[in-house]
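Descriptive analysis of the structure
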Amino acid sequence: MARNRGRHAAQRAATTATGHRRRGGLRSTRYRRGLGGTAIAAVVMAALTASQAPGVELGGDHDDGRSGAASDRTPGDDSYETELPPLESPHPPGASEPGAGGESGIPASVLAAYKKAAKSLASRTPGCGLRWELLAGIGKVESGHARGGAVDKEGTTLRPILGPVLNGQGFANIKDTDGGRWDSDADYDRAVGPMQFIPSTWDRWGADGNGDGRKDPNNIHDAALAAGDYLCAGGRDLSTGADLDRAILSYNNSSDYLRTVLAWYEFYRKGTHAVPDRDLSVLPTAPGLGESGGGPDRGSPERGGKGSGKGGGSHDKPSKPNRPGNGGGNEGGGGHDEPAPEPTKPHAIKRVGADNLTAVAGEKFAARPAVKVVTSKGKAVKGVKVRFDISGKTEATFQGGGKSATVSTNADGVATAPALSAGGRTGSFTVNATAPGKDLGKVGFTASVTAPKADTLARTSDVVLEAAKNTKFEQAVEVKATRKGKAVANTTLTATFGQDAEAGPYFGKNEQGEPIRSLTDLKTDANGVVKLPDLFADDQPGTYTLTLKADGGATLEVKFTIKG
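Just so you know, these numbers come straight off a predicted model, no measurement behind them. (Residues numbered from 1 in each chain as written. Predicted model: local features only at pLDDT ≥ 70, side-chain atom pairs only at ≥ 80, totals over all residues. Heavy atoms only, no water.)

1. Some thoughts on the overall build of the protein chain
Broken down by element type, the protein chain carries 7 helices and 21 strands. Considering the protein chain as a whole, with its 564 residues, one finds that 52% of them fall into the buried category. Considering only intrachain contacts with a sequence separation of at least 6, the fraction spanning at least 24 residues in the protein chain is 68%. (Helix = DSSP H or I, 4+ residues; strand = E, 2+ residues; numbered from the N terminus. Buried < 20%, exposed > 50% of the residue type's maximum accessible area, 1.4 Å probe, protein only. Contact = heavy atoms within 4.5 Å.)

The structure is reproduced here in C-alpha cells:
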C-alpha cells in the first residue's frame, strides 16, 4: 500500500458486519462529498477524531488545499487515500443525473473486475467468504479505482500507476527484481498497478483474471483476482472480524489503513452503482506518478498487494519489506512476525490411488477415481469443483446413470468420483478428471470391464450317480455356474477324473479306442448351465470323483459309483 504522510484523520471503525465500532452521533446532512472545502473537511474529521478516538492527532497535511473528493487528487502519489466515505447512506443517481452518484459510484470496468474476482474466489475458496466490496474498499484506497476507471476495454490502465522508487530514501530498500519489466526501473522496485504490487510480490501472487493468458499487475481484472487470492491466504474466513482485520492488515500493516478500508467496505456494502469510466481526454497528471521517469520522492511507498511490504500507513521511517522469505506476514513495515501466508489458489490436480481400475461386467467397480487439488506449495485446497467424465465405447456409468459427475474437494483437497457401474459390455474406457474453468491440467484413469468369473459351481440335481459295470450312467449330469448368485453365461469349465486315471467312469472313447476321462472347453449356456456328455462305467467297481473347475477358480467335485 502507500505510505501515509502524517496520521489518519479519523480513528474509528465503520463496519458493523465485523463488530467494529460505528461512527456515532454524526449525522450531519451538510457533510457531502460535494462540499470539499478544507475547513469543512477538517471540522468533520476533527469531530470524528474527538468522538471516536481520543488522543489521535490530525495529519499534518490535511490543510493543503485539497477538496474533500478523492478524485481531486491522483491516488498513488506519496500517501494512500485517507479520505473517509460520507456519513449518509449512498444512493444511486437518478435518470437525470448521468454519471452522478457521488462516492458510492464505482467505474463500470473496475466494478466488474471486483465482482468477477470475488465470484471466482467464491468457487475456488468458498470458505474464505470474500466479498467484492472488500476489493472495492482496497481499490478505492489504493488507486481511487484505477484513477476513476482510466482503463482500456481489456481493463489495463491507460498509463502506469507507479509507487515511489524503493531505494531506502524515506521508503523500504528493495533492489530490482524484475529487470524493470513492470516498473521501468532496473535498479530498484516500485509498486505497480491499481492494486499496487511490487514486482517480486506479483511474481508470487500474480493471476490471470481476464483469461487472456497473461498476468499483468496493470490490468484491473488480474490485479483484483490476485488481491483476492492474497486476502484469502492462510485459510482465512473473512466473514469473521478477526480474520477480516488480519487480512487487511496483511495488505498494509497500519491501523489507520485498516479503519479507512473498513469504512469504505461498509459504505459499499450499503449500496453502490456503476458510473462511466473516466473520460480519457482528462486523465490526471502528477509529477512522478505513472511516469517511468518519476522521482523517488513521489508515489506510493513500498507495497506489494501480496506478501510484500506495503508502506506502513502512519510510519515515518522506512518500512520493512514483506517479501517471500522475509517473514513479517504484513505489508507495512514491522508489526506481524508471522510468515506471509501461502497462496491458496488451486495450482494442480493430482491422482490419488491407483490409475488402473477393473470390474466385472454387470457389477460396480470396487475402487473409485479420486484426485487431489493442491496449491503451488502442495497444500490441499478445499471446495474446488472437479468433473469426472467417462470416455470410450462402454456401458459404464456413474451412480445415477450419467457419464459425467461433478464433486467438490473436501478438507483434504480430495474429490472422489461417485461409484462406477461397469455395465454389461466388456472392454476398456477412460475416466478423465478436470477442474472446470481452471487451468489445472487433466488426470486420466484407465478402466477395464472383464467377463464375469463364476465363484460357485453346483449340480442342478442331487440324484445319486450309480451304474453297473460296463453300462451307461442313466442320470444326466448338469452343472450351473454362478457369481454372487447370478448365472454366469458362456464361461469355460474343465472336467476330469484325473489326468492319469486308468479306471472308472469315462466320456466315451477316442479314435484309438481309449477311454476319455478328461474334458476341456465346456461352455455354460445363457442360463449358466452346462450339460456333461454321457458317462460310462468300466469293469472296475468303486467310487470315483469327477472334478469340475470354472474359469476364475470355482470348483465342484461329483461322486460316481460303479457297482460290482
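2. A few points about the pattern of salt bridges
Counting across every chain of the model gives 12 salt bridges. Ionic pairing is found between Asp229 and Arg124, a salt bridge with its closest N-O pair at 2.5 Å. Remark: Arg124 occurs in helix H2 (residues 108–124) and Asp229 occurs in helix H5 (residues 220–231); sequence separation between them is 105 residues. Each member of the pair, Asp229 together with Arg124, is buried. Of the charged contacts in the structure, one is a salt bridge between Glu133 and Arg131, with a shortest N-O distance of 3.3 Å. Residue classification places Glu133 among the buried residues on the basis of a relative accessible area of 6%. Among the residues examined, Arg131 registers a relative accessible area of 34% and is labelled partly exposed. What you see here is one network of salt bridges that share partners, running through Glu363, Arg483 and Lys484. (Salt bridge = Lys/Arg side-chain N within 4 Å of Asp/Glu carboxyl O.)

3. Considering the side chain of Thr409
For Thr409, the location among the structural elements is in the loop between strand E8 (404–408) and strand E9 (414–416). Polar side-chain contacts of Thr409 include one of 2.9 Å to the backbone nitrogen of Val384. (Polar contact = N/O pair within 3.5 Å; in protein donor to acceptor, adjacent residues only side chain to side chain.)

4. Overview of the pairing of strand E6 (residues 385–391)
Only one face of E6 is buried, namely the one carrying Val386, Phe388 and Ile390, since none of Lys385, Arg387, Asp389 and Ser391 on the opposite face is buried. In terms of strand pairing, E6 meets E8 through 5 bridges, oriented antiparallel. Across the sheet, residue Asp389 finds its bridge partner in E8, namely Ser404. With 5 bridges connecting them, E6 and strand E11 (residues 427–434) associate as antiparallel partners. Residue pairing across strands places Ser391 opposite Thr430, the latter belonging to E11. (Pairing = 2+ DSSP bridges.)

5. Here we look at the packing of aromatic side chains
All chains considered together, the criterion is met by 11 aromatic pairs. When the ring of Trp264 is compared with that of Phe267, the centres are 5.5 Å apart and the planes differ by 90°; the resulting orientation is edge-to-face. Here Phe267 and Trp264 lie together in helix H7 (residues 255–269), a separation of 3 residues that amounts to about one turn. Judged on exposure class, the residue Trp264 and its partner Phe267 are both buried. Ring geometry for Phe473 against Phe560: centres 5.3 Å apart, planes inclined by 85°, an arrangement best described as edge-to-face. Residue Phe473 is located in the loop between strand E14 (466–468) and strand E15 (478–483), and its partner Phe560 is located in strand E21 (residues 555–563); the two are separated by 87 residues in the primary sequence. These aromatic residues form a ring-pair network of at least three members: Phe473, Phe497, Phe507 and Phe560. (Phe/Tyr/Trp six-rings, centres within 6.5 Å; stacked < 30°, edge-to-face > 60°.)

6. Observations regarding the environment of Gly564
Along the chain, the position of Gly564 falls in the segment after E21. In this view, Gly564 contacts Lys469 and Pro541; residues no more than four positions away in its chain are not counted.

7. Description of the sheet that holds strand E3 (residues 348–352)
Sheet strands pair via backbone hydrogen bonds, and the direction of the pair is either parallel or antiparallel. Across the sheet, which stays open at both edges, the 3 strands sit in the order E3-E5-E9 with antiparallel pairing between neighbours. In this open sheet, the two edge strands, each paired with only one partner strand, are E3 and E9. On average, each strand axis in the sheet is tilted by 30° relative to the strand beside it, whichever way the strands run. (Axes fitted to C-alpha atoms, helices over the stretch in contact; angles between N-to-C directions.)

8. As for the environment of Leu158
Tracing the chain through its elements places Leu158 in the loop between helix H3 (132–149) and helix H4 (199–205). It is 8.9 Å that separates the C-alpha atoms of Leu158 and Asn218, two residues lying 60 residues apart in sequence.

9. Description of the sheet that holds strand E20 (residues 542–550)
With mixed pairing, the 5 strands of this open sheet are ordered in space as E14-E21-E20-E17-E18. Two strands in the sheet have a free side with no partner beyond their single neighbour: E14 and strand E18 (518–523). Strand-to-strand twist across the sheet, computed as the mean angle between neighbouring axes with direction ignored, equals 25°. Pairing of strand E17 (residues 492–496) with E18 involves 4 bridges; the strand directions are antiparallel. Within E18, the position partnered with Leu493 by the bridge is Leu522.

10. Re unusual backbone geometry
Note: most residues except glycine have negative phi, and most peptide bonds are trans. The backbone of Arg147 sits at a positive phi, close to 55°, despite the residue not being glycine. Here Arg147 is to be found in helix H3.

11. Here we look at the confidence of the model for the protein chain
Per-residue confidence for the protein chain averages 76 on the pLDDT scale, and 71% of its residues sit at or above 70. When the criterion is pLDDT under 50, residues 89–101 qualifies, and its contacts beyond four places in sequence or with other chains add up to 17 contacts. Under a pLDDT of 50 for its full length, residues 280–342 has, in the predicted model, 255 contacts with residues more than four places off or in other chains. (pLDDT = per-residue confidence, 0-100.)

12. A word on the environment of Asp185
Positionally, Asp185 belongs in the loop between H3 and H4. Separated by 10 residues in the primary sequence, Asp185 and Lys175 place their C-alpha atoms 9.7 Å from one another. In this view, Asp185 contacts Val165, Asp176, Asp178, Gly179, Gly180 and Arg190; residues no more than four positions away in its chain are not counted. Within the structure, the side chain of Asp185 is placed 3.0 Å from the backbone nitrogen of Tyr188, a separation counted as a polar contact.

13. Remarks on the nonpolar core
Core analysis: the largest hydrophobic core is formed by 50 residues, its most contacted members being Tyr114, Leu130, Leu134, Leu231 and Tyr251. For this core, the secondary structure elements donating two or more residues are H2, H3, H4, H5, helix H6 (241–251) and H7. (Core = buried A, V, L, I, M, F, W, Y, C linked by side-chain atoms within 4.5 Å.)

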